[in-house]
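This is what each chain is made of:
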Amino acid sequence: MEKFEVIVVGAGLAGLAAAWKLAEKGVEVLVLERGDYPGAKNVTGGRLYVNPVRDLFPDLWSAAPLERYIVHEGATLMARDRSVAIDYSGDELKAEPHQSYSVLRGKFDRWLAEQVEAKGAMLLTKVRVDDVIMENGKVAGVLAGGDELKADVVIACDGVLSLVSEKAGLRKPGLPKDYAVGIKEVITLDAGVINDRFRLEGNEGAAHLFVGDVTKGCFGGGFLYTNKDSISLGLVAGIHEYAGIGPSTDVPGLLEAFKKRPEISSLIRGGSTAEYAAHVIPEGGFRAISPLYGNGILVAGDAAGFAVNIGFTVRGMEYALASGYYAGETVLKSKEKGDFSAAALSLYQRLLEESFVLQDMKNFQEAPGVLSNERLFKHYPELAGNLLKDIYAVPAGPKGRLYPTLRKALTLGEMWAQFKDMREVMKI
Ligand SMILES: Cc1cc2nc3c(=O)[nH]c(=O)nc-3n(C[C@H](O)[C@H](O)[C@H](O)COP(=O)(O)OP(=O)(O)OC[C@H]3O[C@@H](n4cnc5c(N)ncnc54)[C@H](O)[C@@H]3O)c2cc1C
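The shown structure was predicted, so the numbers you read here are calculated from the model rather than taken from an experiment.

K.L.:
Any chance you could break down the overall build of the protein for me, citing the residues and the numbers?
P.N.:
Secondary structure summary: the protein contains 16 helices and 19 strands in total. In summary, the protein has a C-alpha radius of gyration of 23 Å against a globular reference of 22 Å for 428 residues, a match within 12%. Overall, the C-alpha framework of the protein stretches about 85 × 45 × 35 Å when taken along its three principal axes. Considering the protein as a whole, with its 428 residues, one finds that 53% of them fall into the buried category. At a minimum sequence separation of 6, the contacts of the protein that also span at least 24 residues come to 72%.

Here you go:
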């Protein structure tokens with residue numbers, strides 16, 4: 001039976017960040033990944049906001065295989081037959097250091113794993129962890145493919161449906177309302193064509209979110225990110241809608257319909273699909289975070305439920321990187337004391353509370369409740385589309401005055417409903 005100082009389960013961003021921190025300090029760390037290579041099974045939209053994690057990994061960013069830095073932020077309210085879009089750009093988005101980048105996980109995670117191995121961590125791929133080894137109420141290692149692998153501490157970074165933390169008795173299976181399913185295509189296109197279509201120069205990039213008809217008025221939305229020579233296009237839909245608890249939703253069908261929308265088809269014309277992926281996303285927010293530590297175990301990234309969706313930003317990757325980092329830091333302190341009990345590992349919770357990770361999760365804890373209002377996905381895109389249709393219309397006869405045109409849509413009942421919705425939105 002093999003014994004290691006630390007076993008990390010999962011070579012996603014959380015696992016690789018934890019291994020990085022530990023290997024850098026000479027700790028013997030084994031990373032187990034079920035995919036053929038790190039990033040093979042990992043899905044993101046994806047855009048990474050670098051500012052919150054820049055200083056945690058100072059050597060990383062200059063050489064990282066990031067795609068494009070985002071200079072255009074777009075949002076579209078998509079009604080059935082029309083749409084209303086905003087496009088934001090500002091000098092600060094063009095200034096260095098850049099706030100956010102598009103990323104492709106197949107490339108980024110693989111590269112990060114190489115850096116982690118260069119620091120001395122051992123990475124084994126195509127190894128699925130099936131269970132944890134419990135000894136005297138403490139996690140003492142893992143079972144993988146019939147092998148018993150022991151460790152002083154296990155860090156569960158095995159993603160959103162974390163089997164490891166469940167087997168360790170830390171969390172129970174989640175509720176459908178706490179998850180969404182994301183589906184995505186990477187569509188290759190010439191870099192020059194991307195620049196022309198999205199009004200970009202050099203390595204500038206665009207990010208665009210869509211809400212409304214893209215999910216047929218249900219919870220969720222679409223996304224589009226420009227990469228160097230491809231476009232990441234996809235959508236996210238609430239699992240409770242998909243699971244037949246609400247109106248049934250055919251998610252792959254939604255993506256096909258999204259691609260055929262005139263707003264999208266002209267942007268991806270001539271491209272070919274290089275990648276097709278689907279993945280679950282934690283959507284439960286602060287209230288759905290799992291216990292973060294136990295005797296001999298820490299939980300990081302999606303496995304802990306660290307993701308924040310506030311409609312116009314969707315974030316999980318930097319929480320994964322930062323929580324992995326703080327898990328590594330906690331283990332270093334525990335190692336100094338030779339104590340891997342839950343009491344010693346509780347330092348992890350404190351480090352996260354002092355960081356942006358749990359502060360963001362707390363600040364946006366009302367977001368899942370606010371976003372469960374279906375008027376945001378059904379009513380407002382239609383309302384905005386119809387308002388603009390009437391405002392822009394020029395009939396054969398005289399055109400109606402503007403104010404009565406607005407009031408036709410914004411009745412007293414509608415304004416009262418909007419006031420109530422706004423009171424909810426103000427909680428975010
Ligand atoms: C469609 C979609 C769009 C998203 N968009 C964005 C975005 O734009 N920006 C953003 O910041 N976040 C986004 N997210 C969220 C973000 O991708 C996640 O928060 C992030 O990937 C979490 O990283 P992680 O390391 O915790 O988990 P993962 O990246 O899921 O890594 C977990 C790893 O564990 C491995 N594993 C699992 N079980 C086992 C096992 N039993 N044994 C061995 N290995 C195992 C997996 O193969 C995987 O490599 C999006 C997610 C989706 C699905």
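K.L.:
Which residues make up the nonpolar core, and what are the values?
P.N.:
Within the largest apolar cluster, 114 residues are counted, with the highest numbers of intra-cluster contacts made by Ile7, Phe57, Trp61, Ile155 and Phe306. With ten residues, the single largest contributor to this core is helix α9 (residues 317–337). Counting contributing residues per domain, this core is built from domain 1 (2–66 + 103–171 + 290–354) and domain 2 (177–282), each supplying no fewer than three. Residue contacts for phenylalanine 306: discarding those within four places in its chain leaves Ile289, Leu292, Gly301, Gly316, Tyr319, Ser323, Tyr348, Leu352, Val357, Leu358 and Met361. Among the nonpolar cores identified, the runner-up in size contains 13 residues, and Ala207, Phe219, Phe223 and Val236 belong to it.

K.L.:
For the packing of helix α11 (residues 347–354) against helix α12 (residues 356–363), give the residues involved together with the corresponding values.
P.N.:
The contact between α11 and α12 brings their axes to 4 Å, and the two run at 65°. As the angle between them shows, α11 and α12 are arranged roughly perpendicular. Side by side, α11 and α12 meet where Gln349, Leu352, Glu353 and Glu354 of the first sit next to Val357, Leu358, Gln359 and Lys362 of the second. Class assignment of the residues belonging to the contact of α11 with α12 gives a composition of three nonpolar, two polar and three charged.

K.L.:
Got a sec to walk through the domain arrangement of the protein? Specific residues and values, please.
P.N.:
Looking at the assigned domains, one finds that the protein contains domain 1 (2–66 + 103–171 + 290–354), domain 2 (177–282) and domain 3 (374–425). Of the roughly 1400 Å² buried between domain 1 and domain 2 on both sides combined, carbon and sulfur atoms contribute 64%. Of all residues in domain 1, Val43, Leu104 and Val160 bury the most surface against domain 2, accounting for 35% of the area lost on that side. Between domain 1 and domain 2 we count zero salt bridges in total. Scanning the region where domain 1 abuts domain 2 turns up three residue pairs in polar contact (both at pLDDT 80 or more). Broken down by class, the residue content of the side of domain 1 that touches domain 2 amounts to eight nonpolar, seven polar and four charged.

K.L.:
Hey, could you go over unusual backbone geometry for me, with residue numbers and the actual values?
P.N.:
Peptide bonds are, in most cases, trans, and in most cases residues other than glycine have a negative phi. Omega for the bond connecting glycine 45 with glycine 46 falls within 30 degrees of zero, at 20°, which places this linkage in the cis form. Among the structural elements, glycine 46 can be located in the loop between β2 (29–32) and β3 (47–49). A cis amide bond links glutamate 96 with the next residue in sequence, proline 97, at an omega value of -5°. With respect to the element layout, proline 97 can be found in the loop between α2 (91–94) and β6 (100–102). Although it is not a glycine, arginine 199 adopts a positive phi angle of roughly 55°. Within the secondary structure, arginine 199 is located in the loop between α5 (191–198) and β12 (204–212).

K.L.:
Please give an account of the pattern of salt bridges that cites residues and values.
P.N.:
Counting across every chain of the model gives 27 salt bridges. Measuring nitrogen to oxygen at the nearest pair gives 3.9 Å for the salt bridge that ties glutamate 329 to lysine 21. On the criterion of sequence distance, the pair formed by glutamate 329 in helix α9 and lysine 21 in helix α1 (residues 13–24) is long-range, its members being 308 residues apart. According to the relative accessible area criterion, lysine 21 is buried, its value standing at 9%. One salt bridge in this structure joins glutamate 366 and arginine 287, with 3.4 Å as the shortest N-O distance. With glutamate 366 in the loop between α12 and α13 (367–370) and arginine 287 in the loop between β15 (272–282) and β16 (293–294), this pair connects stretches of sequence that are 79 residues apart. A relative accessible area of 29% places glutamate 366 in the partly exposed class. Residue classification places arginine 287 among the exposed positions, given a relative accessible area of 60%. The structure contains a network of salt bridges with shared partners spanning Asp213, Lys216, Arg261 and Glu263.

K.L.:
Tell me about the packing of aromatic side chains, residues and numbers included.
P.N.:
As enumerated under the stated definition, the model contains nine aromatic pairs in all. Ring geometry for phenylalanine 57 against tyrosine 325: centres 5.6 Å apart, planes inclined by 80°, an arrangement best described as edge-to-face. Residue phenylalanine 57 is found in the loop between β3 and β4 (69–78), and its partner tyrosine 325 is found in helix α9; the two are separated by 268 residues along the sequence. Across this residue pair, the class does not change: phenylalanine 57 and tyrosine 325 are buried. Pairwise contacts between aromatic rings join Trp20, Phe57, Tyr325 and Tyr326 into one cluster. For lysine 119, the ring lying beneath its charged end belongs to tryptophan 20, and the centroid distance is 4.5 Å.

K.L.:
So what's going on with the site of the ligand? Residues and values would help.
P.N.:
Around the ligand there are 34 residues in total, and Glu33, Asn42, Gly45, Arg105 and Asp302 lie nearest to it. At 3.0 Å, a backbone N or O of alanine 14 approaches an oxygen atom of the ligand. Here arginine 47 contributes a backbone N or O atom positioned 2.9 Å from a nitrogen atom of the ligand. Protein contact buries 97% of the 1000 Å² of open area that the ligand shows by itself. For the shell around the ligand, the secondary structure elements donating two or more residues are α1, β15, β19 (314–315) and α9. For the shell around the ligand, the residue count by class is 13 nonpolar, eleven polar and ten charged. Each of domain 1 (2–66 + 103–171 + 290–354) and domain 2 (177–282) gives at least three residues to the shell around the ligand.

K.L.:
So what about the packing of α1 against α9? Which residues, and what values?
P.N.:
The contact between α1 and α9 brings their axes to 7 Å, and the two run at 35°. Handedness of the crossing formed by α1 with α9: right-handed. Contacts from Leu13, Ala14, Ala17, Ala18, Lys21 and Leu22 in α1 reach Met317, Ala320, Leu321, Gly324, Tyr325, Gly328, Glu329, Val331 and Leu332 in α9. Here the residues of the contact of α1 with α9 sort into eleven nonpolar, two polar and two charged.

What counts as what
Residues numbered from 1 in each chain as written. Predicted model: local features only at pLDDT ≥ 70, side-chain atom pairs only at ≥ 80, totals over all residues. Heavy atoms only, no water. Helix = DSSP H or I, 4+ residues; strand = E, 2+ residues; numbered from the N terminus. Rg over C-alpha atoms; globule rule 2.2 N^0.38 Å. Buried < 20%, exposed > 50% of the residue type's maximum accessible area, 1.4 Å probe, protein only. Contact = heavy atoms within 4.5 Å. Core = buried A, V, L, I, M, F, W, Y, C linked by side-chain atoms within 4.5 Å. Domains from an automatic or database assignment. Axes fitted to C-alpha atoms, helices over the stretch in contact; angles between N-to-C directions. Parallel < 35°, antiparallel > 145°, perpendicular 65-115°, else oblique. Nonpolar A, V, L, I, M, F, W, Y, C, P; charged D, E, K, R; others polar. Buried area = accessible area lost by both parts, 1.4 Å probe. Salt bridge = Lys/Arg side-chain N within 4 Å of Asp/Glu carboxyl O. Polar contact = N/O pair within 3.5 Å; in protein donor to acceptor, adjacent residues only side chain to side chain. Phe/Tyr/Trp six-rings, centres within 6.5 Å; stacked < 30°, edge-to-face > 60°. Lys NZ or Arg CZ within 6 Å of the ring centre and 35° of its normal. Near = heavy atom within 4 Å. Areas by Shrake-Rupley, 256 points an atom, 1.4 Å probe, with all protein chains shown as cover. Left-handed = near helix turned anticlockwise from the far one by under 90°.

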